[in-house]
Amino acid sequence: MRRAITTTDPSSALAGERRTWRFTITPSAALPKGTLLKFDFLCKGRSIDWELPTTDLKSGSNMIWAEVEGGKPLSAKEVMPPKSTVPQYEFKLPAQVAAGKKITVCVGTPQAKAEGKKGTLSQLTMQRKRPFHLSIDPTGKGKYEEQPELFTIDIKGNTLQTIRILAPSIVAKNHRFDVILRFEDEYGNLTNNAPENTLIEFSHQNLRDSLKWKLFLPETGFIALPNLYFNEPGVYTINLKNLATGEEYTSAPIKCFPTETKTVFWGSLHGESERFDSVENIDNCLRHFRDERSYNFYATSLPESSDDSTNENWKRITQFANDFEEDDRFISFTGQQWSGEPKTEGLRLLVFAKDEHPLIRKKEARYASLKKMYATFSPKECLSIPTFTMGDKTCFDFETFSPEFERCVEIYNAWGCSERTTKEGNIAPISSPAKSGIHEKAEGSIVKALMKNRRFGFVAGGLGDRGVFSPLYESDQKQYPPGLTAVLCDRLTKNNIFDALYNRHCYATTGERIVLGVSIAG
């Protein structure tokens, strides 16, 4: 509607804040009786999204209704858009609304004193100018105007909950390095929401009390501490203490060697972000893993046979992966899922050494089987990583093992561990209470593969919600924290990371940045 005025109250919110939200539009022209208004939260139904309200006006809590200036509250009707699991909310005007008269969509509770308990929960992620849409149909026939009215709310970080310390895992004596401190709320958002007198004390082993630093919370929610160094070899942890509350925070271990040596770089070759879709928002997804999760490397994992697997999407993913790649800061690989026959081929994660590569599709004759696919590559062009090998629908028994391409195996991801069976002591078994879920299959045990003299490096994946994993996210399938892959090499470059994976200079963890050292006969 031309020249309509839209306002929100409040205009900003804290992540995870519960209250009543009001979206007001002042139309520039009269709206006739029977006009339809459709409010869209622009949500995807995720647990981190804006809480969706009920249309029942008798509930008194977390509800949606509309108010016309001088009129009675209007109830909404849920409308389900095509290919969506999240409803929109439609109102019908019982009488004409004159130009300049306000219409307000309210979300929460009419009980002002109970807003904090009976209101509606805002999304759990910070976002500048978070949009909401209101579509208008003056005809009342469902013919909405192409350009909806726009409302925005700034979502800010909530109160300070933790401080995350990001530091290298391996350093050399007297060699300088940087540390980044992230001040986060309980949802992982950056925040400076803390009492004004908050002071953070910085220290580590062997640091004299007279040299301990006192830090204020920065407005940005993070701070970089440059040029730190250790003057003695050993294992260190960086310690922070909130002097106002007494809370203490500790970094992952840092190993200091007498001389320069290979360092550990952390990342994931298979994992999705709950916040950003890796196809529609691949740029934000890469930025999330680089800046917010502090990964050193990341690989995309698009399935070869899903609705998202179009040539256009693959081209976009490849382009952004190439754009984000930066030596000594962040390395991005293009990768994909390839699903073959259970037991003999299983589920594969293909990671390409170079970005300029087409999507491998099983329906093409030359990629119809692993044997045919391997014939089109040289070993240094592509890694074929067996993943979820103990899942009964993705099992791989390692009998037809190809050591030239299968240099690594994914031992763990957010849906479980394929190391061994539950009876043998698996602490993160693949399991589901439903028959339709995925259950463990002993033939895919990695321990059994090792006993067959199969040799590979270990990697760990994160949360998978595409391809064979897509039904699991909304099911009762047992879910675990995302894993991490550690790669040991001299410098953070694409060739170095790929070569280290090829040479099996890697190990896996269930999410913690563990420093691991192994030596045999010196």
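Worth saying up front: this structure is predicted, and the values here are computed from it rather than measured.

Draft legend 1. Quick look at the overall build of the chain. Looking only at helices and strands, the chain has six helices and 35 strands in total. Its C-alpha atoms put the chain at 85 × 70 × 45 Å along the principal axes. A buried classification covers 50% of the 522 residues belonging to the chain. In the chain, the share of contacts with a sequence separation of at least 24, taken over all contacts with a separation of at least 6, comes to 70%. Per element, the accessible surface of the chain, about 25300 Å² overall, is 49% carbon and sulfur. Taken as two groups, the 68 positive and 66 negative side-chain charges of the chain have centres that lie 2 Å from each other.

Draft legend 2. Up close: the environment of Val105. Note that Val105 resides in strand 10 (residues 103-108). When the C-alpha atoms of Val105 and Trp21 are compared, they prove to be 8.2 Å apart, with 84 residues separating the residues in sequence. Sequence-distant contacts of Val105, defined by excluding residues within four places in its chain, comprise Trp21, Arg22, Phe23, Phe39, Ile64, Trp65, Ala66, Phe91 and Leu134.

Draft legend 3. Local environment of the packing of aromatic side chains. Scanning the entire structure with this criterion turns up 26 aromatic pairs. With 6.4 Å between their ring centres and 45° between their planes, Phe398 and Phe401 make a pair best called tilted. Overall, Phe398 belongs to the buried group, its relative accessible area being 1%. With relative accessibility at 15%, the residue Phe401 sits in the buried group. Its guanidinium or amino end placed over the ring of Trp338, Lys362 lies 5.5 Å from that ring's centre, counting from NZ or CZ.

Draft legend 4. The side chain of Gln337, seen in detail. Mapped onto the fold, Gln337 is located in strand 28 (residues 335-339). Separated by 3.5 Å, the side chain of Gln337 and the backbone oxygen of Ser301 make a polar contact. For Gln337, the contacting residues outside a window of four places in its chain are Ser301, Leu302, Pro303, Glu304, Leu347, Arg348, Arg466, Gly467, Val468 and Phe469.

Draft legend 5. View of a nonpolar patch on the surface. Residues Leu516, Val518 and Ile520 make up a contiguous nonpolar surface patch of roughly 360 Å² in combined accessible area. Mapped onto the elements, Leu516 comes out in the segment after strand 35 (506-509).

Draft legend 6. Seen up close, the sheet that holds strand 32 (residues 416-417). Reading across from one edge, 32-31-33 is the order of the three strands in this open sheet, with mixed pairing throughout. Edge positions in the sheet fall to strand 32 and strand 33 (457-460), since each of these pairs with one other strand and no more.

Draft legend 7. Looking closely at helix 6 (residues 494-502). Within the sequence span of helix 6, burial applies to Lys494, Ile497, Phe498, Ala500, Leu501 and Tyr502. Immediately beyond the C-terminal end of helix 6, within one or two residues, lies Arg504, with a positive phi of roughly 65°.

Draft legend 8. Looking closely at the nonpolar core. Ranked by internal contacts, the top residues of the largest apolar core, which has 31 residues, are Phe23, Phe39, Phe41 and Ile64. For this core, the secondary structure elements donating two or more residues are strand 4 (21-26), strand 5 (36-40), strand 6 (63-68), strand 9 (88-92), strand 10, strand 12 (127-137) and strand 13 (149-156). When near neighbours in sequence (up to four residues on either side) are disregarded, Phe39 contacts Phe23, Ile64, Gln88, Tyr89, Val105, Phe132, His133, Leu134 and Phe151. Listed in part, the 30 residues of the second largest apolar core include Ile317, Phe330, Ile360 and Leu484.

Draft legend 9. Region of the structure containing the environment of Ser75. By secondary structure assignment, the location of Ser75 is in strand 7 (residues 74-75). Given the relative accessible area of 44%, Ser75 is considered partly exposed. Spatially, the C-alpha atoms of Ser75 and Glu90 are 8.6 Å apart, while their sequence positions differ by 15 residues. Leaving out residues up to four positions away in the same chain, Ser75 has contacts with Leu57, Glu90 and Phe91.

Draft legend 10. Region of interest: the side chain of Arg290. Looking at the element boundaries, Arg290 is found in helix 2 (residues 282-292). The contact partners of Arg290, leaving out residues within four places of it in the chain, are Tyr295, Phe324, Arg329 and Phe330.

Draft legend 11. Inspection of the state of the cysteines at higher detail. Counted under the stated rule, the structure contains zero disulfides. No disulfide involves Cys285; its sulfur sits 19 Å from the nearest other cysteine sulfur, which is in Cys43.

Draft legend 12. Seen up close, the sheet that holds strand 21 (residues 238-242). One open sheet accounts for four strands, arranged 18-17-21-22; its pairing is antiparallel. Since the sheet does not close on itself, it has two edges, and those belong to strand 18 (213-215) and strand 22 (248-250), each with one partner. With strand direction ignored, the average angle separating the axes of adjacent strands in the sheet is 25°. Here three bridges tie strand 17 (residues 200-204) to strand 18, and the two strands are oriented antiparallel to one another. Residue pairing in the sheet places Ile200 in a bridge with Leu215 of strand 18.

Draft legend 13. Here's a closer look at the pattern of salt bridges. Counted according to the given criterion, the structure contains 22 salt bridges. A salt bridge links Glu326 to Arg329; its shortest N-O distance comes to 3.4 Å. By sharing partners, the salt bridges in this structure join Arg290, Asp291, Glu326 and Arg329 into a single network.

Rules used throughout
Residues numbered from 1 in each chain as written. Predicted model: local features only at pLDDT ≥ 70, side-chain atom pairs only at ≥ 80, totals over all residues. Heavy atoms only, no water. Helix = DSSP H or I, 4+ residues; strand = E, 2+ residues; numbered from the N terminus. Buried < 20%, exposed > 50% of the residue type's maximum accessible area, 1.4 Å probe, protein only. Contact = heavy atoms within 4.5 Å. Areas by Shrake-Rupley, 256 points an atom, 1.4 Å probe, with all protein chains shown as cover. Lys, Arg positive; Asp, Glu negative; His and termini not counted. Charge placed at Lys NZ, Arg CZ, Asp CG, Glu CD. Phe/Tyr/Trp six-rings, centres within 6.5 Å; stacked < 30°, edge-to-face > 60°. Lys NZ or Arg CZ within 6 Å of the ring centre and 35° of its normal. Polar contact = N/O pair within 3.5 Å; in protein donor to acceptor, adjacent residues only side chain to side chain. Patch = residues over 30% accessible without salt bridge, like charges linked within 9 Å, V, L, I, M, F, W, Y side chains within 5 Å. Salt bridge = Lys/Arg side-chain N within 4 Å of Asp/Glu carboxyl O. Pairing = 2+ DSSP bridges. Core = buried A, V, L, I, M, F, W, Y, C linked by side-chain atoms within 4.5 Å. Disulfide = S-S within 2.5 Å. Axes fitted to C-alpha atoms, helices over the stretch in contact; angles between N-to-C directions.

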